[in-house]
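Descriptive analysis of the structure
Residue strings, one per chain:
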Amino acid sequence: MKVVIKSWTSVASWRWIANDDNCGICRMPFDGCCTDCKMPGDDCPLVWGQCSHCFHIHCIMKWLNSQQVHQLCPMCRQEWKFKE
Amino acid sequence: MANIAVQRIKREFKEVVRSEEVAKCAIKVELVNDNYTELKGEISGPPDTPYEGGNFVLEIKVPETYPFNPPKVKFMTKIWHPNISSVTGAICLDILKDQWAAAMTLRTVLLSLQALLSAAEPDDPQDAVVARQFKENPDIFWLTAKHWSHAYAGAPKSYPEFDAKIKRLVDIGVDEHRARVALSSYNWDLEKATESIFS
């Protein structure tokens, strides 16, 4: 079945308030989701480090898990600590 | 290859193509195969270095685990530099090893390599022969690096005396590259170079 959308009315919109447009790890827009996810939003949230850099949670977790010794922010290489 | 690696390389590829460095002809990337696992990079030799005027080709292999691990990069163009093997083109640069970070990109890697050409680290060498010359005979190092840039990277011609010495060895049947390596390694001492080839 093929559906043609003739018009649509939005009732709400949202966007992340991040200090950048794209995730520095996967390079996808923050308003989209990481390459493993389908739906942006709560399924693919953003997280912030104490250094103020921000990533998709899935991306930063993969990065931290790939680091054997120190867990550093991929942007500024300060020790990565999640912002409360 | 993992989705994230392909997606990212595709985006980065566009990013490099659009970058101002490409407009200035300082860096370049090309695809080698269709699945984005192998690329060909190119950097121009920075001004005020013995590499000025040369174009240096790089082999870039993107691992399955990119960007969580660095791309594997080596020089395909032969080069005389303390941190690059004159034999294999292997590069000693921290960001391509343990100092890699996922936020780095093809563009930043190429620019870092260009910076490495401007600022060698002889105390952390990849090629010990070159590094020793760099420290002990900086003038000869400069001329030798310039000579290699002309011979392999298309930089302007420099020091005819070196060409004459290479020709002496070629005339007695030595392969040109082998002659160049021997002479470069022995600070262009024809006698010592000849001895090293025939010993």
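Residues numbered from 1 in each chain as written. Chains lettered and ligands numbered in written order. Predicted model: local features only at pLDDT ≥ 70, side-chain atom pairs only at ≥ 80, totals over all residues. Heavy atoms only, no water.

Next up on the list: the overall build of chain B. Counting its secondary structure elements, chain B contains eight helices and four strands. Its helices and strands in sequence order give chain B the pattern α-α-β-β-β-β-α-α-α-α-α-α, from N to C terminus. In terms of overall dimensions, chain B is globule-like: its C-alpha atoms have a radius of gyration of 18 Å, near the 16 Å expected for 199 residues. With respect to the three principal axes, the spread of C-alpha positions in chain B is 55 × 30 × 30 Å. A total of 199 residues make up chain B; the buried ones form 47% of that total. Pairs at least 24 residues apart make up 54% of the contacts formed inside chain B by residues separated by at least 6 positions. Taking the average location of the 24 positive side-chain charges in chain B and that of its 28 negative ones, the two points are 4 Å from each other. (Helix = DSSP H or I, 4+ residues; strand = E, 2+ residues; numbered from the N terminus. Rg over C-alpha atoms; globule rule 2.2 N^0.38 Å. Buried < 20%, exposed > 50% of the residue type's maximum accessible area, 1.4 Å probe, protein only. Contact = heavy atoms within 4.5 Å. Lys, Arg positive; Asp, Glu negative; His and termini not counted. Charge placed at Lys NZ, Arg CZ, Asp CG, Glu CD.)

Our next topic: the interface of chain B and chain A. Tallying the contact residues gives 17 residues for chain B and 15 residues for chain A. For the pair chain B and chain A, the two sides together bury roughly 1400 Å², of which 60% comes from carbon and sulfur. Summed over the shared surface of chain B and chain A, the result is one salt bridge. Inspection of the chain B/chain A interface yields five residue pairs in polar contact (both at pLDDT 80 or more). Of the residues assigned to the side of chain B that touches chain A, the class counts are nine nonpolar, four polar and four charged. (Buried area = accessible area lost by both parts, 1.4 Å probe. Salt bridge = Lys/Arg side-chain N within 4 Å of Asp/Glu carboxyl O. Polar contact = N/O pair within 3.5 Å; in protein donor to acceptor, adjacent residues only side chain to side chain. Nonpolar A, V, L, I, M, F, W, Y, C, P; charged D, E, K, R; others polar.)

A separate point is unusual backbone geometry. Between B:Tyr66 and the following residue, B:Pro67, the backbone shows a cis peptide bond with an omega angle of 0°. Tracing the sequence through the fold places B:Pro67 in the loop between β3 (55-61) and β4 (72-75). Look at A:Arg27: it is not a glycine, yet its phi comes out positive at around 70°. Turning to its location among the elements, A:Arg27 is positioned in the segment before β1 (46-48). At B:Trp188, a residue that is not glycine, the phi angle is positive and equals roughly 65°. Relative to the elements of secondary structure, B:Trp188 occurs in the loop between α7 (176-185) and α8 (190-198).

All names here are of chain B. The topology assignment puts Val-73 in strand β4. Residue class for Val-73 comes out buried when judged on its relative accessible area of 11%. Once the C-alpha coordinates of Val-73 and Asp-171 are considered, the two residues, 98 residues apart in sequence, prove to be 36 Å apart. Not counting chain neighbours up to four residues away, the residues in contact with Val-73 comprise Leu-58, Glu-59, Ile-60, Ile-91, Leu-96, Val-109 and Leu-113.

All names here are of chain B. Per the domain assignment, the segments making up chain B are domain 1 (3-118) and domain 2 (128-198). Domain 1 and domain 2 are separated by 27 Å when their C-alpha centres are compared. Listed as interface residues are 16 residues of domain 1 and, on the opposing side, 20 residues of domain 2. Buried area between domain 1 and domain 2, summed over both chains or domains, comes out near 1400 Å², and the portion from carbon and sulfur atoms is 75%. Viewed at the interface, domain 2 and domain 1 are joined by zero salt bridges. For the pair domain 1 and domain 2, the number of links is three residue pairs in polar contact (both at pLDDT 80 or more). Of the residues in the side of domain 1 that touches domain 2, the class split is six nonpolar, seven polar and three charged. (Domains from an automatic or database assignment.)

On to the packing of helix α4 (residues 128-136) of chain B against helix α5 (residues 138-153) of chain B, then. Residues and elements named next belong to chain B. The N-to-C vectors of α4 and α5 enclose an angle of 130°; their axes lie 5 Å apart at closest approach. Classified by the angle their axes make, α4 and α5 are oblique. Of the residues in α5, those touching α4 at Val-130, Gln-133, Phe-134, Lys-135 and Glu-136 are Pro-138, Ile-140, Phe-141 and Thr-144. Residues belonging to the contact of α4 with α5 are distributed by class as follows: five nonpolar, two polar and two charged. (Axes fitted to C-alpha atoms, helices over the stretch in contact; angles between N-to-C directions. Parallel < 35°, antiparallel > 145°, perpendicular 65-115°, else oblique.)

Further remarks concern the nonpolar core. Among the nonpolar cores identified, the biggest contains 63 residues, and A:Ile25, A:Trp63, B:Ile43, B:Phe75, B:Ile91 and B:Leu113 are the most heavily contacted of them. Here this core spans two domains, and each of domain 1 (3-118) and domain 2 (128-198) of chain B adds at least three residues to it. Excluding its chain neighbours within four sequence positions, the residues that come into contact with B:Leu113 are B:Ile43, B:Leu58, B:Val73, B:Phe75, B:Ile91, B:Leu93 and B:Leu96. Of all hydrophobic cores here, the second largest spans eleven residues; its members include B:Ile166, B:Val174, B:Trp188 and B:Ala193. (Core = buried A, V, L, I, M, F, W, Y, C linked by side-chain atoms within 4.5 Å.)

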